[in-house]
Amino acid sequence: MKDGIRLSCVDCGVRNCETRDREYPEFCLTTELSPETVEKVRRLYEDEENRRVSVISAEIENEFYLRYTRVQELVEFAKRMGFHKLGIATCVGLLEESRVLARILRKKGFEVYGAACKIGSFEKKSVGVAEEDIANTGAIMCNPIMQAEVLNEAGTDLNVVMGLCVGHDSLFYKYSKALVTTLVAKDRVLAHNPAGALYQTGSYYKRLMKDDD
Ligand code: SF4
């Protein structure tokens, strides 16, 4: 505890869990893990899919470190996992980018099936969105549960998220049966580079560091 805050990994400057050549901090989460939790998680890695994903992700990270873009890593991951049918859960605002991605993936031999966020054309008011919260963005709601459902029915092996909104993406992750990876994290202000705001908290985005009232 410091100033009433329970310290955790986000407050750690040591990273001894990675390097193993320093002291763990007093509040270290690694040292606080119960044997039951360690055993539970260890067993989860015995699951065939979990093990395969772990091994293949590590291979790709190691082989193509600082050389492959995320698109290339995605292709490599899907190939090595033996996936054939790839789903794209896209924002309608990123349909152009999703089309390019689909072309790339098809050229690499994958079957591609995409579902856009407005699929089903449900009205926002049907789920209780207030009239004043429709004014700037239109009456039709993003429908991530439908996107997941349609891709589930299509039997995709892996789903790729392309710019779903914060929260809508959460529902997509919640309902997708296939594994999900995010290629584009939406940020309408920063050209889909949300980390840009974090890198600029010393300058343009200083205001993010102010306490909420
Ligand atoms: S697990 Fe421990 S050493 Fe690793 S980042 Fe968290 S607090 Fe730091």
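Residues numbered from 1 in each chain as written. Predicted model: local features only at pLDDT ≥ 70, side-chain atom pairs only at ≥ 80, totals over all residues. Heavy atoms only, no water.

Draft legend 1. Representation of the packing of helix α4 (residues 48–63) against helix α5 (residues 70–80) in the model. As a packed pair, α4 and α5 sit with axes 10 Å apart at the nearest point and diverge in direction by 140°. When the axes of α4 and α5 are compared, the pair comes out oblique. Judged by the twist between their axes, the crossing of α4 over α5 is right-handed. Residues Arg52, Val53, Ile56, Ser57, Glu59, Ile60 and Glu63 of α4 pack against Glu73, Glu76, Phe77 and Arg80 of α5. (Axes fitted to C-alpha atoms, helices over the stretch in contact; angles between N-to-C directions. Helix = DSSP H or I, 4+ residues; strand = E, 2+ residues; numbered from the N terminus. Parallel < 35°, antiparallel > 145°, perpendicular 65-115°, else oblique. Left-handed = near helix turned anticlockwise from the far one by under 90°. Contact = heavy atoms within 4.5 Å.)

Draft legend 2. Main features of the site of the ligand. By nearness alone, every residue bordering the ligand is listed as Cys9, Cys12, Arg15, Asn16, Cys17, Tyr24, Pro25, Phe27, Cys28, Leu29 and Thr30. Elements represented by at least two residues in the shell around the ligand include exactly α1 (16–19) and α2 (29–32). When its residues are assigned to classes, the shell around the ligand shows eight nonpolar, two polar and one charged. (Near = heavy atom within 4 Å. Nonpolar A, V, L, I, M, F, W, Y, C, P; charged D, E, K, R; others polar.)

Draft legend 3. The pairing of strand β3 (residues 158–162), seen in detail. By the criterion of burial, β3 is predominantly enclosed, with five of the five residues buried. The alternating pattern of β3 places Leu158, Val160 and Met162 and Asn159 and Val161 on opposite faces, both of which are buried. Bridge analysis of strand β1 (residues 85–90) against β3 gives five bridges, and the strand direction is parallel. In the sheet register, Gly87 faces β3, and the bridge partner there is Asn159. Alignment of β3 against strand β4 (residues 179–184), held across five bridges, turns out to be parallel. In the sheet register, Val161 faces β4, and the bridge partner there is Thr182. (Buried < 20%, exposed > 50% of the residue type's maximum accessible area, 1.4 Å probe, protein only. Pairing = 2+ DSSP bridges.)

Draft legend 4. Molecular detail of the packing of aromatic side chains. Taken as a whole and judged by the stated rule, the model has two aromatic pairs. Seen in terms of ring centroids, Phe64 and Tyr68 are 3.9 Å apart; in terms of plane orientation they differ by 5°. Their pairing is stacked. Plain terms: the ring middles of Phe77 and Phe83 are 6.2 Å apart, the flat faces sit at 80° to each other, and that makes the pair edge-to-face. Taking the relative accessible area as the measure of exposure, Phe77 reaches 12% and is therefore buried. (Phe/Tyr/Trp six-rings, centres within 6.5 Å; stacked < 30°, edge-to-face > 60°.)

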